[in-house]
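Per-entry structural report
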Amino acid sequence: MKYIIAPSILSADFGNLQRDIEMINQSEADWFHVDVMDGVFVPNISFGFPVLAAVKRSATKPLDVHLMIVEPDKYIQEFAKGGADRITVHYEACTHLHRTIQLIKASGCKAGVALNPHTPVNLLQDVIADLDLVLIMSVNPGFGGQQFIHNTYKKIQDLKVLIRGVNEDLIIEVDGGVGLQNIATLASAGANAFVAGNAIFASGNPAETISKMKSLTTGRINI
Ligand code: DX5
Ligand code: ZN
């Protein structure tokens, strides 16, 4: 099983973005997680295309773009052109989710859907075969550094059941409050991609924390 570590640049130092991108390039991380917030879907505004372009210029790993925005269809093409490899939209923000998923794929990107903590996994039943990734939010989206919600474990198990025999290669990504204290348990529950912001960037040695997270997922170390 391949486990993906995706540091969230939302927690990077924007005054030293180049330095933090370089740290991720040199680390054992697999993807850059890019959190785009519009101040409407979530009560916070993060950044948009110029920052995505800056990340793309220096990043040597795929960009995992998480759109916490309303009306994502309007911008999918531009995110794809801006260098996104994966685009994840929120179930709660898409009236015509099937169309949005097809738009993402037509733009040349892998398609993901994110679920807020209150949204049950089974609502994805009729699109699950079309997806490359499901992002289970383990906090209410909008901010880094929040406390992990425990019901996430049950949702991972529900998603494992939903994909059985239908889309077993689907990536199960968890986002929010993930760190050294819970990543191994999340991996045993069935998650295989892990977003982490605060746990990485607020640690004394971010590259070493990434390395520890990676080792914990593969069971090579215990803490
Ligand atoms: C939350 C974002 C997350 C966030 C995670 O709305 O989607 O990606 O950056 O941050 P931590 O790991 O600090 O909870
Ligand atoms: Zn995110």
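Just above, that's the structure.
Below: a short report on this structure. (Residues numbered from 1 in each chain as written. Chains lettered and ligands numbered in written order. Predicted model: local features only at pLDDT ≥ 70, side-chain atom pairs only at ≥ 80, totals over all residues. Heavy atoms only, no water.)

Turning our attention to the side chain of D64. Structurally, D64 is set in strand β3 (residues 63-68). Not counting chain neighbours up to four residues away, the residues in contact with D64 comprise A6, W31, F32, H33, V34, R86, T88, L133 and E173. (Helix = DSSP H or I, 4+ residues; strand = E, 2+ residues; numbered from the N terminus. Contact = heavy atoms within 4.5 Å.)

Quick look at the coordination of the zinc ion (ligand 2) now. Four donors placed tetrahedrally around a metal ideally meet at 109.5 degrees, and six donors placed octahedrally ideally meet at 90 or 180 degrees. Coordination sphere of the zinc ion (ligand 2), protein contribution only: H33 (NE2), D35 (OD), H66 (ND1) and D175 (OD), at 2.0 to 2.3 Å. One can describe the donor arrangement at the zinc ion (ligand 2) as octahedral, given that its six donor atoms subtend angles of 68 to 170° at the metal. Classification of H33 as buried rests on a relative accessible area of 0%. For H66, a relative accessible area of 0% translates into the label buried. (Donors = N, O, S within 2.8 Å, 3.2 Å for Na, K, Ca; no water. Tetrahedral: all angles 85-135°; square planar, octahedral: opposite > 155°, others 65-115°. Buried < 20%, exposed > 50% of the residue type's maximum accessible area, 1.4 Å probe, protein only.)

Here we take up the site of ligand 1. Close contacts around ligand 1 come from 20 residues, with D35, G142, G145, D175 and G197 the closest. Within the side chain of H33, one N or O atom sits 3.4 Å away from an oxygen atom of ligand 1. G142 is positioned such that a nitrogen or oxygen atom in its backbone is 2.7 Å from an oxygen atom of ligand 1. Protein chains bury 99% of the 380 Å² of accessible surface belonging to ligand 1 in isolation. Ranked by residue count, the leading element in the shell around ligand 1 is strand β2 (residues 32-37), at three residues. Tallied by class, the residues present in the shell around ligand 1 amount to eight nonpolar, ten polar and two charged. (Near = heavy atom within 4 Å. Polar contact = N/O pair within 3.5 Å; in protein donor to acceptor, adjacent residues only side chain to side chain. Areas by Shrake-Rupley, 256 points an atom, 1.4 Å probe, with all protein chains shown as cover. Nonpolar A, V, L, I, M, F, W, Y, C, P; charged D, E, K, R; others polar.)

By the definition in use, this model includes five aromatic pairs. Note on F49 and Y75: the rings are 6.5 Å apart at their centroids and 45° apart in plane angle, and the pair reads as tilted. One end of the pair, F49, is in helix α2 (residues 49-58); the other, Y75, is in the loop between β3 and α3 (76-81), with 26 residues separating them in the sequence. The exposure class assigned to Y75 is partly exposed, which follows from its relative accessible area of 33%. (Phe/Tyr/Trp six-rings, centres within 6.5 Å; stacked < 30°, edge-to-face > 60°.)

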